[in-house]
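Residue-level structural notes
Letter by letter, the chains look like this.
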Amino acid sequence: SQQGEEDPQALSIQEGENATMNCSYKTSINNLQWYRQNSGRGLVHLILIRSNEREKHSGRLRVTLDTSKKSSSLLITASRAADTASYFCATDAYSNYQLIWGAGTKLIIKP
Amino acid sequence: NAGVTQTPKFQVLKTGQSMTLQCAQDMNHEYMSWYRQDPGMGLRLIHYSVGAGITDQGEVPNGYNVSRSTTEDFPLRLLSAAPSQTSVYFCASSRTGYSGNTIYFGEGSWLTVV
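Summary of the structure given here. Starting afresh in each chain, residues are numbered from 1 along the sequence in its written order. Lettering of chains starts at A and numbering of ligands starts at 1, both following the order in which they are written. Reporting in this predicted model follows two pLDDT cut-offs: at least 70 for local features of residues, and 80 or more for side-chain atom pairs to be given and counted; totals over whole chains, interfaces and linings ignore these cut-offs and use all residues. Side-chain numbers come from the whole structure's heavy atoms, not from hydrogens or water.

Examining the sheet that holds strand β6 (residues 55-58) of chain A
All names here are of chain A. Under the convention used in this document: By definition, two strands form a pair when at least two bridges between them are found by DSSP. Helix numbering and strand numbering both begin at the N terminus, where a helix is a DSSP run of H or I of at least 4 residues and a strand a DSSP run of E of at least 2. Only the stretch in contact is used when a helix axis is fitted, and all axes are lines through C-alpha atoms; the angle between N-to-C directions ranges over 0 to 180 degrees.
Read from one edge to the other, the open sheet built from 5 strands follows the order β1-β3-β8-β7-β6, with strand pairing classed as antiparallel. The open sheet has two edge strands with one neighbour each: β1 (5-7) and β6. On average, each strand axis in the sheet is inclined to that of its neighbour by 20°, with strand direction left out of account. Both β6 and strand β7 (residues 61-66) contribute to a ladder of 4 bridges, which runs antiparallel. Along β7, the bridge assignment pairs Ser 58 with Leu 61.

Right, here's the structure in full:
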């Protein structure tokens with residue numbers, strides 16, 4: 001069963017706009033990670049947020065975590081064409097050795 | 001620094017054939033894993049290893065076999081390929097198995113079973 005579920009499944013915005021995608025999960029976690037996957041490539045780590053953190057920033061990325069709602073959001077500000085990719089969240093609900101991955105949000109940035 | 005290297009990139013197999021997907025990492029990571037990625041689904045863990053000589057099953061281990069004789073290598077064997085194993089396979093590694101570590105992925109192996 002899927003622990004992390006991203007929402008929306010697909011998102012198309014104009015270059016320069018902000019993109020927000022969400023991840024919901026079912027059980028308590030220690031860590032939540034976000035990854036990016038360009039078409040035909042492997043996944044690349046973006047940011048990790050721990051259960052005792054509420055917000056983290058990395059460049060144009062902002063991640064929030066609401067453990068009471070069991071959800072996280074990834075905000076990409078001032079989007080660029082190069083941000084076109086699929087974005088996945090992963091959580092560690094069941095085991096430190098087995099991350100559970102969502103199905104991803106496909107983000108398309110229109111020039 | 002090569003990171004995680006997977007071969008082959010593409011492979012077509014006939015039903016019943018066996019093959020091995022190779023994976024190597026040069027970061028001295030303890031933890032290595034194999035995932036499969038199917039359309040509309042998240043990554044699903046097939047097998048993982050927390051160190052040389054130690055392997056364990058993930059969520060979808062049936063039809064696959066692994067071994068870890070060295071820290072660097074973690075091959076995935078398909079014992080008797082089935083069309084349901086048509087997928088994209090990713091090898092990944094991290095410093096340890098702790099969920100707070102960054103995971104490094106290979107570029108993927110596209111497998112088609114006909």
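Some thoughts on the interface of chain A and chain B
Definition in use: Note on contacts: a residue pair qualifies if any of its non-hydrogen atoms lie within 4.5 Å across the two residues. Two parts lose some accessible area (1.4 Å probe) when they are put together, and adding that loss for both gives the buried area. Here, a salt bridge means any side-chain nitrogen of Lys or Arg that lies within 4 Å of a carboxyl oxygen of Asp or Glu. Counting of polar contacts relies on pairs of N or O atoms within 3.5 Å, with two restrictions inside protein: one atom must be capable of donating a hydrogen and the other of accepting it, and residues adjacent in sequence are counted only when both atoms are side-chain atoms.
Taken together, the 21 residues of chain A in the interface contact 26 residues of chain B. Between chain A and chain B, a total of about 1,900 Å² is buried, with carbon and sulfur atoms accounting for 50% of that surface. Between chain A and chain B we count 1 salt bridge in total. One salt bridge in this structure joins Arg 41 of chain A and Glu 107 of chain B, with 2.2 Å as the shortest N-O distance. Where chain A packs against chain B, one counts 9 residue pairs in polar contact (both at pLDDT 80 or more). Going through the elements one at a time, β4 (31-37), β5 (43-50), β9 (85-95) and β10 (98-101) of chain A are the ones with two or more residues in the side of chain A that touches chain B.

A few points about the environment of Thr 64 of chain A
Residues and elements named next belong to chain A. By the secondary structure assignment, Thr 64 is in strand β7. With 13 residues separating them in the primary sequence, Thr 64 and Thr 77 have C-alpha atoms 14 Å apart. Sequence-distant contacts of Thr 64, that is, excluding residues within four places in its chain, are made with Ile 49, Arg 54, Glu 55, Ser 71, Ser 72 and Ser 73. Side chain to side chain, Thr 64 and Ser 73 meet in a polar contact 2.6 Å long.

Let's talk about the nonpolar core
Side chains of nonpolar character tend, in soluble globular proteins, to be buried together. Put simply, the rule is: As used here, the term nonpolar core means buried Ala, Val, Leu, Ile, Met, Phe, Trp, Tyr and Cys residues forming a set that is joined through side-chain atoms within 4.5 Å. When a residue's accessible area, from a 1.4 Å probe over protein chains only, is under 20% of the maximum for its type it is buried; when over 50% it is exposed; and in between it is partly exposed.
Ranked by internal contacts, the top residues of the largest apolar core, which has 22 residues, are Met 21, Leu 32, Trp 34, Leu 74, Ile 76, Tyr 87 and Leu 107 of chain A. Secondary structure elements with two or more residues in this core: β2 (10-14), β3 (19-24), β4, β5, β7, β8 (71-76), β9 and β11 (105-110) of chain A.

Brief notes about the pattern of salt bridges
All names here are of chain A. Scanning the model with the defined rule gives 5 salt bridges over all chains in all. Salt-bridge contacts for Asp 83 lead to Arg 60; the nearest nitrogen and oxygen are separated by 2.9 Å. Of this pair, Asp 83 sits in the loop between β8 and β9 while Arg 60 sits in the loop between β6 and β7; the two residues are 23 residues apart in sequence, bridging distant segments of the chain. The exposure class of Asp 83 is buried, given its relative accessible area of 9%. Looking at Arg 60, the relative accessible area reads 22%, which means it is partly exposed.

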